[in-house]
2 protein chains.
Amino acid sequence: MKEAVIAHLRENRDQYVEELKDFLKLPSISADSAHHEDVRETAVWLKAALTSAGMDKVEVIETDKHPLVYAEWLRAGEEAETILIYGHYDVQPVDPLDLWETPPFEPSIRDGKLYARGASDDKGQTLMHIKAVQAMLEVEGKLPFNVKFLIEGEEEIGSPSLDAFVESEKEKLAADVLIISDTPMLSAGRPAICTGLRGIAALQIDVRGTKGDLHSGLYGGAVQNALHALVQLLASFRDEQGRIQVAGFYDGIEALPEAEKDSLAALGSGDEEMKEETGVRELFGEAGYTSRERTWTRPTLELNGVYGGFQGEGVKTVIPATAHAKLTCRLVPGQDPTDIFEKIEAHIAAHTPPGVTITTERHDSGKPFAAPVTDRAFQAAAQAYADVYNTEVAYTRMGGSIPVVETFDAALGVPIVLMGFGLPSENFHAPNEHFHLDNFDKGLETIVAFWAHYAQKG
Amino acid sequence: MKEAVIAHLRENRDQYVEELKDFLKLPSISADSAHHEDVRETAVWLKAALTSAGMDKVEVIETDKHPLVYAEWLRAGEEAETILIYGHYDVQPVDPLDLWETPPFEPSIRDGKLYARGASDDKGQTLMHIKAVQAMLEVEGKLPFNVKFLIEGEEEIGSPSLDAFVESEKEKLAADVLIISDTPMLSAGRPAICTGLRGIAALQIDVRGTKGDLHSGLYGGAVQNALHALVQLLASFRDEQGRIQVAGFYDGIEALPEAEKDSLAALGSGDEEMKEETGVRELFGEAGYTSRERTWTRPTLELNGVYGGFQGEGVKTVIPATAHAKLTCRLVPGQDPTDIFEKIEAHIAAHTPPGVTITTERHDSGKPFAAPVTDRAFQAAAQAYADVYNTEVAYTRMGGSIPVVETFDAALGVPIVLMGFGLPSENFHAPNEHFHLDNFDKGLETIVAFWAHYAQKG
């Protein structure tokens, strides 16, 4: 059966790429309220795609913000196992727009890569699962397992609606394994199964000084400047070597299991790749760790945005009344986002410079995740990758956060296989995001191979 | 002679106010290219006013942008002293327009105040000198001194043409004293002679870290974040008490003359006024100085703008590739802007965090100014104020910068008497600018009294 399905995939590949382009043209930026209707339109587009794929039931499910799309095909029967596939159809904002070589919502293929916001994260990878299932149904008329899709529109804003939905719809989502393709491969040609994700805690900091902006000549020197107070506070979060100075920040972090230490060491430090990908001459981070350890196994506190005062051309001699910062922490097993919020807020209270008031607002939060790779689903995935890529899969962790993974883990208690097809260099969240179509093709085949291996062992 | 002239002024006062209204109706906004022709029309209006006043020669002098107006009456003879009067006929932009109670170019008198853009800064004060000279000529048929007027149309955009003009026309502008009325009185009823202005040095700082913006999950912890590097650098500029940490920053600052220390002390700390005007509960600044000393006599380093990364609604998990800051220093006598630029650049070089490159760009600069009040012109001005206001004049400094004053000082080397008639509350540069007509009346008499006292002592 696998060979016929793969032949079918190859025959229809150009059509799939065209469909992906249509999917990518929809500007489903979940963070931007101006795109609220575009997000909804994208959910409706997905409903049609899932219906065409042969799903028996497809629903657009309302939430407080952006809808979920749910689909199922349960004709394998009650005795058969069920595969749940999660993906997301929302995308990151696109600024700075002037750095895009082609517009983010006008998909463009150059040099075997499809450029568009969401190409890799996560529309491309989500559509691959839909197309793989569609191909199996078109060729065989049936599937060896029941399948359920849950595709959300809020992943890039921290999945605010998903927790409650998963918690209250455990029955509907009941499955034997959860597959997610939203993590990168180790490198070109080297597939990876991700066994751990960092958690996240995002905070906005707002500083207020004077009642209005002031003339820096007439008032300068006699009142606190909100920007000076802010940079002083922000500088206090880390020491000069990048070690986080928030009291208790590193408390309770779990040591890496010995086996994972070894497999991680076998992958190398990642230092040269890090320099290459980021374009820096000099790496920077917590002493005593490699780049791979720093990004996969250690927590962070990163400024994502700082702003206040005049930003135009030239000079404006102003003392700004307010100043602002956005930061996110990445958390590792043993840390909890609520606890981290409290510790940062305490640090801010203890380090507020004189002459200003500081307020904070908590945004996204998600717990870290670590998967024991003992279930047979992991072996099926590893074999599928080996079939198609002709190499051993790497067991990796990821520095990013998919908070919903921890939610699924807690609510459903099933193995979660994070098998991604993107490359680390594909500019997720940045200008010129793209997806290597080579991995689109190989990924479709890998998914079909996974179903076959999982079926053989079932 | 003084009494006859003052009687003449009182007789013609309503006519002068009508002329000032005509002057104020012309929207001479130098910063706005849409008003280019209006600025020129205002110069032509001034030429007519100076001709009517009895000047022998009046010129509209072209520059690269807005014309200068020059006028002279030299019939006191080569042996007599010459008074040079500087003013400006251009005005600030008027937005936000909706905050004006009456339109900015429809002069309106309410409660003894004349409301219009430029009423106080500086059309009102400039016209007073013209009318005072006109009255003296009408009553006496002659003046005790030669007089020259130089009235520019670019003061509100930093006087880009004036430096070169003053430098190349030293002969034409040769005088024994320069009078400028463009600084505020201390308060209602309390006239002031401004004896010092702070200089300025403005710098842009640009930090580059990674080659592009990065995902803070995938890369966070292993590379320097441009924003962290920037806040660390910026925090290093001042200590927690606001003392500037740039090596040598305070070197060479001239001590305040004892006499000025006493007169400054007599004016009070200014602390309560500072709190009231800025809306802060707590003042902040260099230890050991009052608010008045901090803003008038001490240098500053103030952040005017800081920006980098994501500034939109919500969260974007990005490590920004670049981060930026704008800062201005205010300088006091003994400091030089070029030297300060070099010291700050050296500080930046010495405090650049690892993993980033930092570049700087110098913007506006202007030297500080301090007038030794020993020349008899200052005594004449003080006596004139005392005659009319029945109070002792305050010797003040100003925290702001009027770079042209330092230009005149360097090029002409004559005493510069900054004798203003505006009040600090008159909304220069803001909506509802106005001028107290009481000070228009008293100011006319003060100017005539100044000429009389200066003549007695000559």
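Residues numbered from 1 in each chain as written. Chains lettered and ligands numbered in written order. Predicted model: local features only at pLDDT ≥ 70, side-chain atom pairs only at ≥ 80, totals over all residues. Heavy atoms only, no water.

Trainee: Describe the overall build of chain A, listing the residues and the values that go with them.
Mentor: Counting its regular elements, chain A contains 13 helices and 18 strands. On C-alpha atoms alone, chain A measures out to a radius of gyration of 23 Å, which is about the 23 Å that the 2.2 N^0.38 rule sets for 458 residues. A principal-axis box enclosing the C-alpha atoms of chain A has dimensions of 80 × 50 × 45 Å. Relative to its full complement of 458 residues, chain A shows a buried share of 62%. Partitioning the intrachain contacts of chain A with sequence separation of at least 6 by distance along the chain shows that 79% fall at a separation of at least 24. Element-wise, carbon and sulfur atoms account for 47% of the exposed surface of chain A, whose accessible area totals about 16700 Å². (Helix = DSSP H or I, 4+ residues; strand = E, 2+ residues; numbered from the N terminus. Rg over C-alpha atoms; globule rule 2.2 N^0.38 Å. Buried < 20%, exposed > 50% of the residue type's maximum accessible area, 1.4 Å probe, protein only. Contact = heavy atoms within 4.5 Å. Areas by Shrake-Rupley, 256 points an atom, 1.4 Å probe, with all protein chains shown as cover.)

Trainee: Break down the UniProt feature "domain: Peptidase M20 dimerisation" (unreviewed entry) in chain A for me, citing the residues and quoting the values.
Mentor: Per the UniProt record, "domain: Peptidase M20 dimerisation" (unreviewed entry) is found at residues 195–355 of chain A. In residues 195–355 of chain A, the share of helix is 30% and the share of strand is 23%. The end C-alpha atoms are 47 Å apart. (UniProt positions renumbered as here; feature names shortened; annotations may be inferred.)

Trainee: I'd like a rundown of the side chain of H434(B), residues and numbers included.
Mentor: Residues and elements named next belong to chain B. On the secondary structure map, H434 appears in strand β18 (residues 434–436). Looking at H434, its side chain comes within polar contact range of the main-chain oxygen of N432, at 2.9 Å. In this structure, H434 is in contact with K113, L114, Y115, A119, S120, S425, E426 and N427, ignoring residues within four places of it in sequence. (Polar contact = N/O pair within 3.5 Å; in protein donor to acceptor, adjacent residues only side chain to side chain.)

Trainee: Lay out the pattern of salt bridges with the relevant residues and their values.
Mentor: The tally for this structure, following the rule as stated, stands at 53 salt bridges over all chains. Of the charged contacts, one joins E18(A) and K21(A) as a salt bridge, the two residues approaching to 3.7 Å between their closest N and O atoms. You can see E18(A) and its partner K21(A) sitting in helix α1 (residues 2–25), 3 residues apart, about one turn around the helix. Classification of E18(A) by relative accessible area gives partly exposed; the value is 41%. Residue E260(B) is joined to R397(B) by a salt bridge in which the shortest nitrogen-to-oxygen separation is 2.7 Å. (Salt bridge = Lys/Arg side-chain N within 4 Å of Asp/Glu carboxyl O.)

Trainee: Explain helix α6 (residues 226–235) of chain B residue by residue, including any values.
Mentor: All names here are of chain B. With 8 of 10 residues buried, α6 is to be regarded as a mostly interior element. By the burial criterion, the buried members of α6 are A226, L227, H228, A229, L230, V231, L233 and L234. In this structure N225 caps α6, since a side-chain oxygen of it lies 2.8 Å from the backbone nitrogen of L227.

Trainee: Go over the domain arrangement of chain A with me, naming the residues and quoting the values.
Mentor: Many analyses report the size of an interface as the accessible area lost when the parts associate. Residues and elements named next belong to chain A. Assigned domains within chain A: domain 1 (2–197 + 368–457), domain 2 (199–250 + 299–365) and domain 3 (256–274 + 289–297). Between domain 1 and domain 2, the C-alpha centre-to-centre distance is 36 Å. On the domain 2 side, the residues contacting the 11 residues of domain 1 number 9 residues. Of the roughly 640 Å² buried between domain 1 and domain 2, counting both surfaces, carbon and sulfur atoms make up 57%. At the junction of domain 1 and domain 2, the tally comes to 0 salt bridges. Summed over the shared surface of domain 1 and domain 2, the number is 3 residue pairs in polar contact (both at pLDDT 80 or more). Tallied by class, the residues present in the side of domain 1 that touches domain 2 amount to 6 nonpolar, 4 polar and 1 charged. (Domains from an automatic or database assignment. Buried area = accessible area lost by both parts, 1.4 Å probe. Nonpolar A, V, L, I, M, F, W, Y, C, P; charged D, E, K, R; others polar.)

Trainee: Could you give an account of the interface of chain A and chain B, naming the residues involved and the relevant values?
Mentor: In this assembly, 83 residues from chain A lie in contact with 74 residues from chain B. Buried surface at the junction of chain A and chain B, both sides included, amounts to about 6600 Å², of which 55% is carbon and sulfur. Among the salt bridges present, the one from K316(B) reaches D95(A), with a minimum N-O distance of 3.8 Å. Between chain A and chain B we count 44 residue pairs in polar contact (both at pLDDT 80 or more) in total. Sort the elements by how many residues they give to the side of chain A that touches chain B and strand β11 (residues 300–309) of chain A lands first, with 10 residues. A per-class count over the side of chain A that touches chain B returns 32 nonpolar, 34 polar and 17 charged. Relative to strand β11 (residues 300–309) of chain B, β11(A) runs antiparallel, the two being bridged by 5 bridges. Residue G309(A) lies in a different strand from β11(B), and its bridge partner there is G305(B). (Pairing = 2+ DSSP bridges.)

Trainee: So what's going on with the sheet that holds strand β4 (residues 108–110) of chain B? Residues and values would help.
Mentor: Residues and elements named next belong to chain B. The 3 strands lie next to each other as β4-β5-β18, forming an open sheet whose pairing is antiparallel. Looking at the sheet topology across the chains shown, the edges are occupied by β4 and β18. Sheet twist, expressed as the average angle between the axes of neighbouring strands with direction ignored, equals 25°. Here β4 runs beside strand β5 (residues 113–115); their pairing, made up of 3 bridges, is antiparallel. Pairing of I109 across the sheet is with L114, part of β5. (Axes fitted to C-alpha atoms, helices over the stretch in contact; angles between N-to-C directions.)

Trainee: Mind laying out the packing of aromatic side chains, listing which residues take part and the relevant values?
Mentor: Across all of its chains, the model carries 18 aromatic pairs over all chains by this definition. Geometrically, the ring pair formed by F249(A) and Y250(A) is edge-to-face, given 5.4 Å between the ring centres and 80° between the ring planes. On the accessibility criterion, F249(A) (1% relative accessible area) is buried. Their ring planes at 10° and their centres at 4.6 Å tell us that F23(B) and W45(B) sit as a pair that is stacked. Linking F23(B) in helix α1 (residues 2–25) with W45(B) in helix α2 (residues 36–52), this pair joins segments that are 22 residues apart in sequence. Residue classification places F23(B) among the buried residues on the basis of a relative accessible area of 0%. Aromatic rings pair up to connect F145(A), F450(A), W451(A) and Y454(A) into one cluster. Seen from the ring of Y115(A), R110(A) lies directly overhead, with NZ or CZ sitting 4.0 Å from the centre. (Phe/Tyr/Trp six-rings, centres within 6.5 Å; stacked < 30°, edge-to-face > 60°. Lys NZ or Arg CZ within 6 Å of the ring centre and 35° of its normal.)

Trainee: Describe the environment of I447(A), naming the residues involved and giving the relevant values.
Mentor: All names here are of chain A. Following the sequence through the fold, I447 ends up in helix α13 (residues 437–457). On the basis of relative accessible area, I447 is assigned to the buried category, the value being 2%. Placed 316 residues apart in sequence, I447 and K131 show a C-alpha to C-alpha distance of 9.8 Å. Each residue touching I447, except ones within four places of it in the same chain, is listed here: M128, H129, A132 and F421.

Trainee: Would you mind going over the nonpolar core in detail, with residue names and values included?
Mentor: Judged by nonpolar contacts, the single largest core of 102 residues is most densely connected at M55(A), V133(A), F149(A), F408(A), F450(A) and W451(A). What V133(A) contacts, discounting residues up to four positions off in sequence, is M55(A), I85(A), L143(A), V147(A), F149(A) and W451(A). The next biggest cluster of nonpolar side chains, apart from the first, holds 92 residues, and it includes V69(B), A132(B), I179(B) and V414(B). (Core = buried A, V, L, I, M, F, W, Y, C linked by side-chain atoms within 4.5 Å.)

Trainee: Which residues make up the sheet that holds strand β5 (residues 113–115) of chain A, and what are the values?
Mentor: All names here are of chain A. The sheet built from 3 strands is open, its strands ordered β4-β5-β18 with antiparallel pairing. A single partner strand is all that each edge strand has here, and the edge strands are β4 (108–110) and β18 (434–436). Averaged over neighbouring strand pairs, the angle between their axes works out to 25° when direction is ignored. Where β5 and β18 come together, 3 bridges link them in antiparallel fashion. What sits directly across from L114, in β18, is F435.

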